[in-house]
Amino acid sequence: MFGTYREDDVTVLLKDITGLVTPLPTVSREKLIQKGVHYSAMLPVEYEPTAEYMRVYREALAAFAPITARATMNVAAKILARKGKNVVLLSLARAGTPIGILIKRYLREFCGVDVAHYTLSIIRGIGIDKNAVNYVLARHDPGAVVFVDGWTGKGAIKRQLDAALIDYPMIEPCLAVLADPAGIADLYGTREDFLIPSSCLNATVSGLLSRTFLRDDIIGKDDFHGAMFYGGLVDKDLTYRFIDAVAQFFVAPEVLRQYHEQADGEADCAVSGLAEVEVVRREFAVADINLIKPGIGEATRVLLRRVPRCVLVRDLDDYTRLGHIYRLAKEKNVPVLPYPLKVYRACGIIAAMGDA
């Protein structure tokens, strides 16, 4: 184990590559990505939040911890109903890890079910960490596996998961998320594109671990995919403050039942997520659809570690849900534009770097 997650919360199936990789500045990394270097072969320099941004984060956490808890309880109940008490949670690092811990905690403390929980890497355009999957299969029933992530954007990770598990026909490619505005997850807490507060920060709400890394000179054929530990940020680690802030709103299953209709009933839009992204792509003349990142979580990631062209929002006055986006956009001088989004509340567009 490395990072600041507790061993009884999650088993981290990642190789510690601390000190082996030098993180790259955002612009340098963006140029390389758009020239064809895979994003997993590099690590970004961690964004250091300003005092004002941290104030906005704390406000967002206070405002959205209750709905995050409700979505966690709802999807946990669905997981239990689908897989039974021997369920094995496989969180997709890194955004899925704290969500998996929350689901595990709810099942243990309120349902009396102590489930196994691992976190492993899946990389868009490459696939899932097969060494990690094989590690789990050597210890658990493949029929009990559920994959966990925070939210859905365009659905790229779900499609990657479906493709990766063709090699594992004994495993159902069942993806559980808290927020599923794209409408493509198998199990979800809500369809609403709401702010999961952990999306506002990077390593400091993720056990001080980097996003996952894969490069042949560092990751051997028998290794797990890698991640870096930001030990220098120990005094800024907010991982368990986030988890505890959400968990304080957990309630017993009999109380939860009254929430189900409300959580499930968040308006399903007639427009699909991909269709909305395609409209944005055409209207803003974006050649590569991978430069469009829909949803609050994905738009936040664009501002934290990519080079944004602009951010589209459904409602410019929605400071409660989007205040952190406005703060980041102001810090980085990124335009925020009103746009009639139907599926999502926000959508980030990454700047094309041209031949730079």
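Residues numbered from 1 in each chain as written. Predicted model: local features only at pLDDT ≥ 70, side-chain atom pairs only at ≥ 80, totals over all residues. Heavy atoms only, no water.

Asks: So, the sheet that holds strand β10 (residues 292-294): which residues are in play, and what are the values?
Replies: If you walk across this open sheet you meet the four strands as β10-β13-β11-β12, and the pairing is mixed. In this open sheet, the two edge strands, each paired with only one partner strand, are β10 and β12 (336-338). Taken pair by pair, the neighbouring strands of this sheet meet at an average axis angle of 20°, ignoring direction. With three bridges joining them, β10 and strand β13 (residues 346-350) adopt antiparallel strand pairing. Within β13, the position partnered with Ile292 by the bridge is Ile349. Sheet strands in contact with helix α9 (residues 296-305) are β10, β11 (308-313) and β13, and its direction is about 35° off that of β13. (Pairing = 2+ DSSP bridges. Helix = DSSP H or I, 4+ residues; strand = E, 2+ residues; numbered from the N terminus. Axes fitted to C-alpha atoms, helices over the stretch in contact; angles between N-to-C directions. Contact = heavy atoms within 4.5 Å.)

Asks: Can you explain the layout of surface pockets? Please cite residues and give values.
Replies: Empty space within the second largest pocket amounts to approximately 370 Å³. Around the second largest pocket, the lining is made up of 18 residues, and of these Met54, Leu201, Thr204, Lys236 and Leu238 lie nearest the centre. Top contributing element to the lining of the second largest pocket by residue count: helix α2 (residues 51-83), with four residues. Broken down by class, the residue content of the lining of the second largest pocket amounts to eleven nonpolar, two polar and five charged. (1 Å grid on protein atoms, 1.4 Å probe; cavity = no way out; pocket = protein on both sides within 12 Å on 5 of 7 lines; lining within 4 Å. Points joined across faces, edges and corners; volume = space filled by probe spheres on them. Nonpolar A, V, L, I, M, F, W, Y, C, P; charged D, E, K, R; others polar.)

Asks: Any details on the packing of α2 against helix α3 (residues 96-110)? Residues and values, ideally.
Replies: Viewed as axis vectors pointing N to C, α2 and α3 meet at an angle of 70°, and their least axial separation amounts to 9 Å. Overall, the two elements α2 and α3 adopt an arrangement that is roughly perpendicular. Mapping the contact onto sequence places Thr72, Met73, Val75, Ala76, Ile79 and Leu80 in α2 and Leu102, Ile103, Tyr106 and Leu107 in α3. A breakdown of the residues in the contact of α2 with α3 according to their chemical character gives nine nonpolar, one polar and no charged. (Parallel < 35°, antiparallel > 145°, perpendicular 65-115°, else oblique.)

Asks: Outline the confidence of the model for the protein chain, listing residues and values.
Replies: Across the protein chain, pLDDT averages 93, with 96% of residues at or above 70. Of the regions scoring below 50 in pLDDT, residues 261-265 engages in ten contacts with residues more than four places distant in sequence or in other chains. (pLDDT = per-residue confidence, 0-100.)

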